[in-house]
Amino acid sequence: MSFDVDALRDAVARHGRVARVVVARIDGSAPREPGAAMLVWEGGQSGTIGGGALEWEAAAEARAALAGGADKVTRKPLGPALGQCCGGAVVLACEVHDAARVAALEGPAVLRRIEGAAERPLELARAAAQARGAGRAPATEFRDGWLLEPVARPARELWLFGAGHVGRALAGVLAPLPDIALTWIDTAEARFPDAIPEGATRLVAANPADVVRYAPAEAEHLVLTYSHALDLELCHRLLGHGFRSAGLIGSATKWARFRSRLRALGHTDAQIGRIRCPIGDPSLGKHPQAIAVGVAAQLLSEGRAGCTAGREARA
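Rules of the game
Residues numbered from 1 in each chain as written. Predicted model: local features only at pLDDT ≥ 70, side-chain atom pairs only at ≥ 80, totals over all residues. Heavy atoms only, no water. Helix = DSSP H or I, 4+ residues; strand = E, 2+ residues; numbered from the N terminus. Buried < 20%, exposed > 50% of the residue type's maximum accessible area, 1.4 Å probe, protein only. Contact = heavy atoms within 4.5 Å. Areas by Shrake-Rupley, 256 points an atom, 1.4 Å probe, with all protein chains shown as cover. Lys, Arg positive; Asp, Glu negative; His and termini not counted. Charge placed at Lys NZ, Arg CZ, Asp CG, Glu CD. Pairing = 2+ DSSP bridges. Phe/Tyr/Trp six-rings, centres within 6.5 Å; stacked < 30°, edge-to-face > 60°. Axes fitted to C-alpha atoms, helices over the stretch in contact; angles between N-to-C directions. Core = buried A, V, L, I, M, F, W, Y, C linked by side-chain atoms within 4.5 Å. Parallel < 35°, antiparallel > 145°, perpendicular 65-115°, else oblique. Left-handed = near helix turned anticlockwise from the far one by under 90°.

Caption draft 1: Representation of the overall build of the protein in the model. Counting its secondary structure elements, the protein contains 10 helices and 14 strands. Across its three principal directions, the C-alpha atoms of the protein cover 70 × 45 × 40 Å. Counting the 315 residues in the protein, one finds 44% classified as buried. For the protein, long-range pairs separated by at least 24 residues make up 59% of all intrachain contacts whose partners lie at least 6 apart in sequence. Summed over all atoms, the accessible surface of the protein reaches about 15,400 Å², with 53% contributed by carbon and sulfur. Of the side chains in the protein, 37 bear a positive and 34 a negative charge, and the two mean positions are spaced by 4 Å.

Dropping the structure here:
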């Protein structure tokens, strides 16, 4: 897990002072891994550190920290203290952030003292320096009152075309994922919901196909607009632009018709075959949320496969 500074910055802009609770260390079995975090503000919260009772108690302590304005480290044995079956223990770091403090968070890793007066541990200082100099992301580590976390950078650019029922369901599922930067496109502001999920960037374009040229070459795309003609034009533009992956909502009949028309537009079968249609898991049904779950599972599986391939290539 990584420190999502952008999400914290957005939360502070919306709610003022925000407490961030992060799992700094675990001993034995625990609900979440080091680096898992949640944000807490007066009247709400986002993210999760897991554990039910652990999270409820941590949120209450975070609100108390907001009232007092002080950072805090707590050590919680999950079985004796909270009656949880994990049996391990966690160290939680709670930091209170305002706009000035968030503005000071810079670089690919954040190393800071949370408690005590110990000097900065040499091993953590070296890891932070390697992150700056060599781009090597450190692991989350808590030592001698100092906490080191890598700063999250979205690994995947995902462009979602269409803000209808399925588009809204997909945005709600995909936007919270920490490794995805979601750009959501449709033809008019009125087509979007009043509240855009945190983590999504809304883009209004009279002709969404015209914005394809601005997409990064390694972006992933999901095409599910209200118009078959627009869907076809988007597929045509994407094939000419380049992409990491592309998916089109529709039936086998729709895709057969699209393949024929894309051939007529000059694309080869190998090129056309890079577009996936249908998307998701048809066995889950056609309800928008069911489609969204299937598509999200597909994307997450592809992301894990890509990470594995990357590690093998570097080995």
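Here the narrative resumes, following the displayed structure.
Caption draft 2: Representation of the pairing of strand S2 (residues 37-41) in the model. Counting buried positions along S2 yields 4 of 5 residues, so the element is predominantly enclosed. Note: strand S1 (residues 18-27) against S2, 4 bridges, orientation antiparallel. Its bridge partner being in S2, Val21 is matched across the sheet by Met38. Looking at chain direction, S2 and strand S3 (residues 44-47) are connected through 4 bridges and run antiparallel. Residue Val40 lies in a different strand from S3, and its bridge partner there is Gln45. The turn joining S2 and S3, which pair antiparallel and follow one another in sequence, is formed by 2 residues; a positive phi near 95° is taken by Gly43.

Caption draft 3: How the structure looks around the packing of aromatic side chains. Throughout the structure, instances matching the rule amount to 2 aromatic pairs. Seen from their ring centres, Trp159 and Phe161 are 6.5 Å apart, and the 40° between their planes marks the pair as tilted. With a relative accessible area of 6%, Trp159 lands in the buried category. Phe161 gets classed as buried once you look at its relative accessible area, which sits at 0%. Between the aromatic rings of Trp184 and Phe192, the centroid separation amounts to 5.2 Å while the plane-to-plane angle is 90°, which identifies the pairing as edge-to-face. Overall, the relative accessible area of 1% leaves Trp184 in the buried class.

Caption draft 4: Structural context of the sheet that holds strand S12 (residues 220-223). Read across the open sheet, the 6 strands follow the order S11-S10-S9-S12-S13-S14; overall the sheet is parallel. Either end of the sheet is taken by a strand with one partner, and the two such strands are strand S11 (200-204) and strand S14 (275-276). Inspection of the sheet shows strand S9 (residues 156-161) paired to S12 by 4 bridges, in the parallel sense. By the bridge assignment, Trp159 is partnered in S12 with His221. The sheet contacts of helix H7 (residues 228-241) involve S9, S12, strand S13 (245-248) and S14, and relative to S12 the element is tilted by about 165°.

Caption draft 5: Inspection of the nonpolar core at higher detail. Among the nonpolar cores identified, the biggest contains 25 residues, and Trp159, Phe161, Leu234, Leu248, Trp255, Leu262 and Ile275 are the most heavily contacted of them. When residues of this core are traced back to their parent elements, those giving at least two are S9, H7, S13 and helix H8 (252-264). Beyond its immediate chain neighbours, meaning those up to four positions away, Trp159 contacts Thr183, Ile185, Val211, Tyr214, Ala215, Pro216, Ala219, Glu220, His221 and Leu222. Counting 23 residues, the second-largest nonpolar core is a separate cluster that includes Ala171, Ala175, Ala292 and Leu299.

Caption draft 6: Structural view of the packing of H7 against H8. For the pair H7 and H8, the least separation of the axes is 11 Å and the interaxial angle reads 50°. With respect to H8, the element H7 is oriented oblique. Seen from above, H7 lies across H8 with right-handed handedness. From H7, His228, Asp231, Leu232, Cys235, His236 and Leu239 reach across to H8, where they touch Lys254, Phe258, Arg261 and Leu262.

Caption draft 7: Molecular detail of the sheet that holds strand S4 (residues 72-77). Spatially, S3-S2-S1-S5-S4 is the arrangement adopted by the 5 strands of the open sheet, whose pairing is antiparallel. If you trace the sheet from one side to the other, it starts and ends with S3 and S4, each paired once. Geometrically, the sheet is characterised by an average inter-axis angle of 20° between neighbouring strands, direction not taken into account. As judged from the 9 bridges shared by S1 and strand S5 (residues 89-97), these two strands associate in the antiparallel manner. When the sheet's bridge partners are listed, Ile26 is paired in S5 with Val90. Those strands touched by helix H1 (residues 5-15) are S1, S2 and S5, and its axis lies near 145° from that of S1. Set on the sheet, helix H2 (residues 53-68) makes contact with S1, S2, S3, S4 and S5; between it and S2 the angle comes to about 45°.

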